[in-house]
Amino acid sequence: MKKYLLGIDIGGTTVKLGLFNINGELLNKWEIETRKIDNGKYILSDITSSINCILDEKNISKDEVVGAGVGVPGPVKEDGTVLGCVNLGWPVFNVAKSLEELLELPVKVANDANIAALGEMFKGGGKGYENMIMVTLGTGVGGGIIINGKVIAGANGAGGEIGHLGVNPHEKISCNCGKKGCLEQYASATGIVKLAKDILEKETCESKLRNIKEITAKDIFDFAKDNDQLSVKVVDKFASILGRALANISCICNPEVFVIGGGVSKAGDILIDKTKQYYIENAFHATVDTKFKVATLGNDAGIFGGAKLSLEI
């Protein structure tokens, strides 16, 4: 009888792993180092050894395990083929098949942002909704689209890459992806700092930001909460860009809810309220009532999503 699920979230520094019961309750979580030497050739074998150790320790037979759901930092095709993971040193290869052979369990693989979205739908901020978009605001902007309970990954696993939605045709600086004017150039932690520096150069008014040597996204939101007018202006610009972008996305996907995660989401109500204001101003009338929620699983979203993905094997 199947009693357990495995969730695996492969990151550039660590691999997060979770053992769950069949109902998706987390029983044990742990991390191992992501060994990227020799183009990441040891990552999957390290994962296998670690899981085998935990299963032996808990006296769990592999016959009792449904399988493993895995998130990787790169585009993934439906059959588990990863189209290269620069951060891991991986070329194009079928991760699902390779890990299945090592682990001797069924494996399903998806993009890490999509996995995080699945996790938030399963047990987090999106619980109870079948149509949601996860928006991760961190160093970059990530996304995951779930329609009727299923991740929409697209032909090459690039579905949900909302951070590279073009929002400014006049931008002169290139995004990390090579394009110019991507959403993540404005709505990420680094993007809002850039917005602040641009506004500081143009404005002459006093601001607490002028006393900070290395401005952070947290500084900007904290000062805005204290009614520092220049910080308020930066947050307003940030929210207008993000809100308009989400309004455009809603015309295509019509989600019930946007779940906002990532480090920037810790700003809380000020971020949600301002973004929602601009979303409503720009949304198509049939999508204007879309809800906004803050993600609740934090760094565990990936392993919860992996557990949910394993139920689809």
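We now turn to the structure provided with this report. (Residues numbered from 1 in each chain as written. Predicted model: local features only at pLDDT ≥ 70, side-chain atom pairs only at ≥ 80, totals over all residues. Heavy atoms only, no water.)

**Focus: the sheet that holds strand 8 (residues 132–137)**
For clarity, the cut-off: Paired strands, as defined in this entry, are two strands with at least two bridges between them according to DSSP. Helical segments are the DSSP runs of H or I of at least four residues, strand segments are the runs of E of at least two, and each set is numbered from the N terminus. Contacts: residue pairs with any heavy atoms within 4.5 Å of one another. Lines fitted to C-alpha atoms define the axes here, with helix axes fitted over just the stretch in contact, and angles between the N-to-C directions of these axes take values from 0 to 180 degrees.
In spatial order, the strands read 10-9-8-11-12; together these 5 strands make up an open sheet with mixed pairing. The open sheet terminates on both sides in strands that have one partner only, identified here as strand 10 (150–151) and strand 12 (291–294). Where strand 9 (residues 141–147) meets strand 10, 2 bridges bridge the pair, whose relative direction is antiparallel. Residue pairing in the sheet places Ile147 in a bridge with Lys150 of strand 10. Across the sheet, helix 8 (residues 229–253) is in contact with strand 8, strand 9, strand 11 (257–261) and strand 12; its angle to strand 8 comes to roughly 155 degrees. On top of the sheet, helix 9 (residues 269–282) reaches strand 8, strand 11 and strand 12; it is set at about 160 degrees to strand 12, its chief contact.

**Some words on the sheet that holds strand 2 (residues 14–21)**
Sheet strands associate in pairs through backbone hydrogen bonding, adopting either a parallel or an antiparallel arrangement. Read from one edge to the other, the open sheet built from 5 strands follows the order 3-2-1-4-7, with strand pairing classed as mixed. Edge positions in the sheet fall to strand 3 (26–33) and strand 7 (107–111), since each has one partner strand and no second. In this sheet, adjacent strand axes meet at a mean angle of 15 degrees when their direction is disregarded. Sheet topology places strand 4 (residues 65–72) next to strand 7; 5 bridges connect them, and they run parallel. In the strand pairing of strand 7, Gly69 is matched with Lys108. Across the sheet, helix 3 (residues 95–103) touches strand 1 (4–10), strand 4 and strand 7, and the angle it forms with strand 7 is around 145 degrees.

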